[in-house]
Amino acid sequence: MAKSLVIVESPAKARTLSRYLGRKYTVKASVGHIKDLPKSKLGVDIEKDFQPSYHILPGKEKVVRELRAAAKDSEDIYLAADPDREGEAICQHLAEELAAKARKKNIYRVLFHEITRDAIQDAFRRPGRINQHKVDAQLTRRILDRLVGYKISPLLWDKVRRGLSAGRVQTVALRMIVDRENEIRAFRSEEYWNLAARLAGKNPPEFTARAKSLDGKKWSVADQATATAIVDELKDQAFVVRSIQRREKKRYPVPPFITSKLQQDAARRFNFPVRKTMVLAQRLYEGVKAGAEGAVGLITYMRTDSTRVAESALQEVRTLIQEQYGTSYLPHHPIYYKSKKTAQEAHEAIRPTSVHRTPESLRAYLEPDLWKLYSLIWQRFVASQMNPAVFDHTDVRIDAGRVEFRATGSVLKFDGFLTLYQETRVDEGKEEDKEEDGVLPELREGEVLDVRELLPTQHFTQPPARYTEASLVKALEARGIGRPSTYASILSTIQDREYVIKQGGKFFPTDTGEVVVELLVESFRDIFDYEYTARMEDHLDRIESGREQCIVSMRDFYDRFSKRLAVAEREMRDVKTEEIPTDEVCEKCGSKMVIKWGRFGRFLACSAYPKCKNTREIPRICSLEPENSESEEEQECEKCGRPMVRKRGRFGEFMACSGYPECRNTKKLAEAAGTPKVKPDVPLEETCPVCGRNLALKHGRYGEYTACSNYPDCKYIKQKTTGVPCPKKCGGEIVERKSRRGKTFYGCSRYPKCDFVLWDKPVPEPCPRCHAPLTLIKTTRRSGTVRYCSNKECGFRESAKATA
């Protein structure tokens, strides 16, 4: 009897499904998409209603032949790719390619949101058909992105330099980073003063109260003289308790994770990049070996914006809470959370497939990072169905002449969900303005307090914080830009294209990134507008739900886009030929210096070129290190006495003698500015897995690294992981390491038991030609950044910055 054919998109998922479906089914993997638009041309016929020209991806011919052969001998065909637009598109392309071999056979679409035995068997009992609306939504996004990338990129090559590219959504994300950098540059810090008082009542302990109002208006003191005068005035005033307000305050649990919240929380707690979080979550979803149980999907589908939870899961978690934590932690009824209007309610929140698989029961079977992420998902889901935490909150207001002080105290009465999970938050407010919650003494209204000390403190307003991966995802989500499946690719793309760099976990725009945004916003302001990009996401959602025709959205977009494109081709600034005059004088020939554009951004060049080829670096305004331009101008070369100038090389900025090539003296920026070589350790919240102490960010000979704060008693060093399992299947994963000379290489985390090493960075993407388990990325001056196959006999090689 012929078997039925099941096709999924990944080998790991295929292995897990094979265990549940039995011998009646043959499970094959397509290894991602099998068809796409061609890279060598636009691939969209605009005149024929944007008809796409899809073709088999290079390297996928063998996969398609194997699937066709398997379909020919099969009874029925089940397409079981992920339950999102990309998965639906994969199923559509598979159906098109297999239709000729399966004319008299049924082709079904199978949907499931968790890879467990019950979920899989239930899905195969009720197979459906491919959702054409989802396919249209994915096709519309792909065509719009292709139009922007392939129409605007040649403009950037002509006006800036070759190799640049633009993306419909990525450019908007880049614009957010550049706009934030411009806000920081335009920011002017202002001085202000706060006032605190250390007070004591008849009963201990002492406590701190903060000035909140002056003459009945909000406290606002801008200079030291005013602050000192108020302190002198208060020395003769009585501090009297005016009112005491006591109340019970509740803190409610948060919903289970959606994709963006998981990415943000993992970044804040574990410093996981968004891409790494999604790779780990994909592994947890597709199946991990868990002891005698074998390979099993540990979490539900990880690309979701819905907080819905299945009733069976709610009942299971309520039973666990009652058994392990007691009735006091269990609400009377299940808690239902409201999702956003745009959420896909067919999906569920990210949760464990079974809460009975506790983190501790899986610790022995999961790699450290996998275990951390699973624990986070498990804890948040269980906590989301617990009772709120309860605090006894006290608010005391104190009169002292013209000034009103306020003291607050908060004591935990019942920990509730906090016994398991506490949400991490990014507070960009003023730290000095935060209320200090603690224990207050027993006070009475009208009681006169003793003043122990008055503490005026000087502060300065701070500019808005630069984006981290977590805060950028939060901002994109708040503006409605992108969807759960796109955040990771957006952040990866703007870094791969070298439009931004990440230093200290924060995004800094490069000169190239700033110029690209400046030119594109000038010429395509409405196309790369925040609100318009968000509205396009809404259009895609309406196409997916069947409320809008895809051709209407594409026509509306292209009508607007083509007009702007025609104007830009005529009027866009040519940065390559620009020369901006300055008052700087060339130290070699006395001519004026001009600002030009080069491979690494703007630089100063002598206007007498080519007779004088002198150039000079323009200091970056957004450098992480504090600028010390005066000290740089005053510095002289200790070898020849000529002035030192800032330059940039392969490894970043440095100070060099202006007498080059006669004098080749150079210095690091830190040495030139007099910055101490040894930087203090930065404590982290993460704990050491060896001794339990906190980890710290340290600074070594070859840069920053994370190690145990208990050094030298504990010599644990946290290695930077790539998320790629070791090809020798030893149970380790590939981590970033440094050679004795400081060169980066990649080796197995189980060294010296496993000696696998690579010089180039591995990525967890199989080769599209020979299906080798991993590909490598390297950067050279001639070829730029390229991705190539780890199998030397294959020969696969492509640009890692190819336009999406």
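The shown structure was predicted, so the numbers you read here are calculated from the model rather than taken from an experiment. (Residues numbered from 1 in each chain as written. Predicted model: local features only at pLDDT ≥ 70, side-chain atom pairs only at ≥ 80, totals over all residues. Heavy atoms only, no water.)

**Q** Just checking my understanding: could you explain the overall build of the protein for this structure?
**A** Secondary structure summary: the protein contains 19 helices and 38 strands in total. The C-alpha atoms of the protein give 31 Å as radius of gyration, which agrees with the globular expectation for 804 residues (28 Å, within 12%). With the principal axes as the frame, the protein shows a C-alpha extent of 100 × 85 × 60 Å. Relative to its 804 residues, the protein shows a buried fraction of 50%. Accessible surface for the protein amounts to roughly 41,200 Å². Of this, 49% is attributable to carbon and sulfur atoms. Taken as two groups, the 141 positive and 115 negative side-chain charges of the protein have centres that lie 7 Å from each other. (Helix = DSSP H or I, 4+ residues; strand = E, 2+ residues; numbered from the N terminus. Rg over C-alpha atoms; globule rule 2.2 N^0.38 Å. Buried < 20%, exposed > 50% of the residue type's maximum accessible area, 1.4 Å probe, protein only. Areas by Shrake-Rupley, 256 points an atom, 1.4 Å probe, with all protein chains shown as cover. Lys, Arg positive; Asp, Glu negative; His and termini not counted. Charge placed at Lys NZ, Arg CZ, Asp CG, Glu CD.)

**Q** Sorry, what's going on with helix 5 (residues 132–159) here?
**A** It helps to recall that an α-helix has 3.6 residues per turn; residues three or four apart then point in one direction. The end-to-end C-alpha distance of helix 5, which contains 28 residues, comes to 41 Å, matching closely the 40 Å that a straight helix rising 1.5 Å per residue would cover. By the largest-angle criterion, isoleucine 152 marks the main kink of helix 5, which is about 25 degrees, and a proline, proline 154, follows within four residues. Of the residues flanking the start of helix 5, the one acting as N-cap is asparagine 131, its side-chain oxygen 3.0 Å from the backbone nitrogen of histidine 133. (Expected span 1.5 Å × (residues − 1). Bend = angle between axes of the 7 residues up to and from the residue. Polar contact = N/O pair within 3.5 Å; in protein donor to acceptor, adjacent residues only side chain to side chain.)

**Q** Whenever I open this one, the packing of helix 16 (residues 530–544) against helix 17 (residues 550–571) confuses me. Can you help?
**A** The description of two packed helices rests on the angle between their axes and on the distance between the axes. It is at 9 Å that the axes of helix 16 and helix 17 come closest, and there the two elements cross at 160 degrees. Taken together, the axes of helix 16 and helix 17 are roughly antiparallel relative to one another. The hand of the helix 16/helix 17 crossing is left-handed. Across the interface between the two elements, Tyr532, Met536, His539 and Ile543 of helix 16 pack against Cys550, Ser553, Asp556, Phe557 and Arg560 of helix 17. (Axes fitted to C-alpha atoms, helices over the stretch in contact; angles between N-to-C directions. Parallel < 35°, antiparallel > 145°, perpendicular 65-115°, else oblique. Left-handed = near helix turned anticlockwise from the far one by under 90°. Contact = heavy atoms within 4.5 Å.)

**Q** Can you walk me through the layout of surface pockets in this structure?
**A** In this approach a probe as big as a water molecule rolls over the atoms, and the regions it shows empty are the leftover space. The volume enclosed by the second largest pocket comes to roughly 600 Å³. In this structure, the second largest pocket is lined by 26 residues; those nearest its centre are Glu114, Thr116, Asp118, Ala119 and Arg351. Broken down by element, the lining of the second largest pocket gets its largest block of residues, 5 residues, from helix 4 (residues 117–125). Looking at the lining of the second largest pocket residue by residue, the classes come out as 9 nonpolar, 5 polar and 12 charged. (1 Å grid on protein atoms, 1.4 Å probe; cavity = no way out; pocket = protein on both sides within 12 Å on 5 of 7 lines; lining within 4 Å. Points joined across faces, edges and corners; volume = space filled by probe spheres on them. Nonpolar A, V, L, I, M, F, W, Y, C, P; charged D, E, K, R; others polar.)

**Q** Please clarify how the sheet that holds strand 21 (residues 592–598) should be interpreted in this entry.
**A** Two modes of strand pairing occur in sheets, parallel and antiparallel, and in both the strands are linked by backbone hydrogen bonds. Read from one edge of the open sheet, 4 strands run 20-21-22-23, paired in antiparallel fashion. In this open sheet, the two strands that pair with only one neighbour each are strand 20 (580–585) and strand 23 (615–617). In this sheet, adjacent strand axes meet at a mean angle of 40 degrees when their direction is disregarded. Inspection of the sheet shows strand 21 paired to strand 22 (residues 601–606) by 6 bridges, in the antiparallel sense. When the sheet's bridge partners are listed, isoleucine 595 is paired in strand 22 with leucine 604. Helix 15 (residues 511–523) rests against strand 21 and strand 22 of the sheet, and its axis sits at about 105 degrees to strand 22. (Pairing = 2+ DSSP bridges.)

**Q** Whenever I open this one, the confidence of the model for the protein confuses me. Can you help?
**A** Overall, the prediction assigns the protein a mean pLDDT of 86, with 90% of residues at 70 or greater. Taken element by element, the protein is modelled with least confidence in helix 18 (residues 629–634), mean pLDDT 45, and with most confidence in helix 12 (residues 368–383), mean pLDDT 96. Below pLDDT 50 for its whole length, residues 427–434 participates in 10 contacts with residues either more than four positions away or in separate chains. Taken together, the stretch residues 621–633 has pLDDT below 50 and engages in 18 contacts with residues farther than four places along the chain or on a different chain. (pLDDT = per-residue confidence, 0-100.)

**Q** I'm lost on the packing of aromatic side chains in this one. Help?
**A** Ring pairs (aromatic) are described by centroid distance and by the angle formed between their planes. A full pass over the atoms with the stated rule returns 17 aromatic pairs. An angle of 25 degrees between the planes, with centres 5.2 Å apart, marks the rings of tyrosine 78 and tyrosine 108 as stacked. Separated by 30 residues along the polypeptide, tyrosine 78 in strand 7 (residues 77–79) and tyrosine 108 in strand 8 (residues 107–109) bring together distant segments of the chain. No difference in accessibility class separates tyrosine 78 from tyrosine 108, as the two residues are buried. Above the face of the tyrosine 467 ring, arginine 180 is positioned so that its terminal group lies 4.3 Å from the ring centre. The ring centre of tryptophan 371 lies 3.8 Å from the NZ or CZ of arginine 363, which sits over that ring. (Phe/Tyr/Trp six-rings, centres within 6.5 Å; stacked < 30°, edge-to-face > 60°. Lys NZ or Arg CZ within 6 Å of the ring centre and 35° of its normal.)

**Q** It is not clear to me how unusual backbone geometry should be interpreted in this structure. Could you clarify?
**A** The phi angle of most residues is negative, glycine excepted, and most peptide bonds adopt the trans form. The omega torsion across proline 204 and proline 205 is 0 degrees, close enough to zero to call that bond cis. The topology assignment puts proline 205 in the loop between strand 9 (191–200) and strand 10 (207–214). Note that the residue after tyrosine 609, namely proline 610, is joined by a cis bond; omega there is 10 degrees. At valine 31, a position not held by glycine, the phi torsion is positive, near 55 degrees.

**Q** Help me understand helix 13 (residues 469–479), please; the structure alone is not making it clear to me.
**A** Counting buried residues along helix 13, 8 of its 11 residues qualify, which places the element largely inside the surrounding structure. Among all positions in helix 13, only Glu469, Ala470, Ser471, Leu472, Val473, Ala475, Leu476 and Glu477 are buried. Buried residues in helix 13 make contact with helix 6 (170–186), helix 8 (259–270), helix 9 (274–286), helix 14 (487–496), strand 18 (500–503) and strand 19 (506–509). Of the residues flanking the end of helix 13, it is glycine 480, one or two places downstream, whose phi is positive at about 75 degrees.

**Q** When you look at the pairing of strand 21 in this model, what are you seeing that I'm missing?
**A** In summary, the side chains of a regular strand alternate between the two faces of the sheet. Counted residue by residue, strand 21 has 6 buried out of 7 residues, so it is predominantly covered. Bridge count for strand 20 against strand 21 is 3 bridges, and the pairing is antiparallel. Residue pairing for strand 21: isoleucine 580 is matched across the bridge by isoleucine 595. Between strand 20 and strand 21, which follow one another and run antiparallel, lie 6 residues, and glycine 590 among them has a positive phi close to 85 degrees.

**Q** Explain the environment of valine 645 here, please?
**A** Assignment of secondary structure puts valine 645 in strand 24 (residues 644–649). Between the C-alpha atoms of valine 645 and serine 658, which are 13 residues apart in sequence, the distance is 6.0 Å. In contact with valine 645, other than residues within four places in its own chain, are Glu587, Arg616, Phe654, Met655, Ala656 and Ser658.

**Q** Which parts of the structure should I look at to understand the sheet that holds strand 31 (residues 720–725)?
**A** Strand order in this open sheet of 4 strands is 31-32-33-34, and the pairing throughout is antiparallel. At either end of the open sheet lies a strand with only one pairing partner, and these are strand 31 and strand 34 (757–758).

**Q** When you look at the pattern of salt bridges in this model, what are you seeing that I'm missing?
**A** When their charged atoms lie close together, side chains carrying opposite charge are able to pair. Overall, the coordinates contain 57 salt bridges when judged by the stated rule. Note that glutamate 548 and arginine 542 form a salt bridge whose closest N and O atoms lie 2.9 Å from each other. Judged by relative accessible area, glutamate 548 falls into the buried class, the value being 16%. Within the structure, one salt-bridge network assembled from shared partners comprises Arg85, Arg483, Asp538, Asp541 and Glu544. (Salt bridge = Lys/Arg side-chain N within 4 Å of Asp/Glu carboxyl O.)

**Q** Would you explain the side chain of glutamate 404 in this entry?
**A** Mapping glutamate 404 onto the fold places it in strand 16 (residues 403–414). With a relative accessible area of 12%, glutamate 404 lands in the buried category. Residues contacting glutamate 404, with those up to four places away along its chain left out, are Arg210, Ala211, Lys212, Ser213, Arg242, Arg397, Ile398 and Asp399.

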